[in-house]
Amino acid sequence: MRIISICNQKGGVGKTTTAVNIVSGLSMAGKTSLLVDLDPQTNASSYLGYRDNEPHKCSYTILENPSKINEVILKVNANLDLIPSSLSYLDDPGPREGDNPFDHLRESFEYLEKNYDYIIIDCPPSLGSYTFNAINTSQEIIIPVQCHYLSLEGLSQIVSLVDDISEVKKLKFTILLTMFEENEGLSEEIKSEIDKHFSNNLFKISIPYDITLAEAPSHEQSIFDYMPISCGAVAYAILVKEIIDGE
Ligand SMILES: Nc1ncnc2c1ncn2[C@@H]1O[C@H](COP(=O)(O)OP(=O)(O)OP(=O)(O)O)[C@@H](O)[C@H]1O
Ligand SMILES: [Mg+2]
């Protein structure tokens, strides 16, 4: 079971788009996958068509009571399951009380009845309690970075957090460039800057800026169903292959 979190405290960098399209690609490749929506904005859940999720049957439920995990799993298709999030927790900073509050998600996975090939966790744009729970249970972190100048500013923060945690547990991080614009000065500049510092921790494929990726959620379809012949779909298919090959 490979557990991968999609994290960046910066908002709007493509975490949810990446999480949903990765699990869709993995499930199409025959891998049994579970998507955990850990963001109270519920974007990943609504992307897949699950809105108005009950507050006592969502990802927060298992942060409070890890043994309930099997009760909150929804079946999306033959290979893809979802633990949705609920808007009720938008103002809630997540668990901070009790024994090891950042360990609850990891504990809940010990109760899973199904052995998934992949668990993908979509994190909120913060380095708070939800993201700590996600990082604590993952073996790998994918950090989507939008090809904008300001995106570099927060990157060192999350990388140093991952480095600190790597001292106590095995944790690999890989940066994914998103909304990349070919032949556009700034995108190329950011790519070469990141490549200079993190060449061993950068996916070979960059996700291009592609408006069909922004349209797909309103159709509740992955990019592979919505627009299979698009540069966004091709890039995410290559990313899924990179992930599978990186096993
Ligand atoms: N490669 C892309 N090309 C064009 N639009 C994109 C691309 N990736 C994401 N988007 C759009 O950019 C917006 C932000 O993307 P997304 O919601 O995936 O980011 P996020 O990091 O999950 O945001 P948040 O931090 O709020 O959770 C969305 O409207 C999405 O449809
Ligand atoms: Mg998101």
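Preceding this paragraph is the structure being described.
Residues numbered from 1 in each chain as written. Chains lettered and ligands numbered in written order. Predicted model: local features only at pLDDT ≥ 70, side-chain atom pairs only at ≥ 80, totals over all residues. Heavy atoms only, no water.

With respect to the pattern of salt bridges
Heads up, the condition is: The salt bridge criterion pairs a side-chain nitrogen of Lys or Arg with a carboxyl oxygen of Asp or Glu, the two atoms within 4 Å. We count a stretch as a helix when DSSP gives it H or I for four or more residues in a row; a strand needs E for two or more, and each element gets its number in order from the N terminus. Each residue gets one of three labels from its accessible area relative to the maximum for its type: buried under 20%, exposed over 50%, partly exposed in between, using a 1.4 Å probe on protein chains only.
For the structure on display, the rule yields seven salt bridges. Close ionic contact of E193 with K196 constitutes a salt bridge, the shortest N to O distance being 3.6 Å. You can see E193 and its partner K196 sitting in helix α7 (residues 185-198), three residues apart, about one turn around the helix. The partly exposed category is assigned to E193, whose relative accessible area is 31%. In this structure K196 comes out as exposed when scored by relative accessible area, which is 60%. D245 is the partner of K241 in a salt bridge, and the nearest nitrogen-oxygen pair spans 2.7 Å. Note that K241 and D245 are positioned in helix α10 (residues 231-245) at a spacing of four residues, about one turn of the helix.

Brief notes about α10
Spelled out, the test is: Each helix should span, by expectation, one fewer than its residue count multiplied by 1.5 Å.
If you check α10, its first and last C-alpha atoms are 21 Å apart, about what 15 residues at 1.5 Å a residue would give, namely 21 Å. Inspection of α10 places G232, A233, A235, Y236, L239, V240, I243 and I244 among the buried residues, and these make up the whole buried set.

Here's the deal with the sheet that holds strand β2 (residues 33-37)
Heads up, the rule is: When DSSP locates at least two bridges between a pair of strands, those strands are taken to pair. Angles here are taken between N-to-C directions and fall from 0 to 180 degrees, while the axes themselves are lines fitted to C-alpha atoms, restricted in helices to the stretch in contact. Residue contacts follow a heavy-atom distance rule, with two residues in contact if any of their heavy atoms lie within 4.5 Å.
Spatially, β3-β4-β2-β5-β1-β6-β7 is the arrangement adopted by the seven strands of the open sheet, whose pairing is mixed. Two strands bound the open sheet, and with one partner strand each, they are β3 (74-77) and β7 (172-178). Strand-to-strand twist of the sheet, defined as the mean angle between neighbouring strand axes without regard to direction, takes the value 25°. Across seven bridges, the pairing between strand β6 (residues 140-146) and β7 is parallel. Across the sheet, I141 pairs through a bridge with F173, a residue of β7. Contacts between helix α1 (residues 15-28) and the sheet are confined to β1 (2-6), β2, β3, β4 (80-83), β5 (118-122), β6 and β7, with β5 contributing the most and set at about 165° to the helix. Across the sheet, α10 touches β1, β5, β6 and β7, and the angle it forms with β1 is around 135°.

Purely geometric stuff here, so don't read any function into it on its own.
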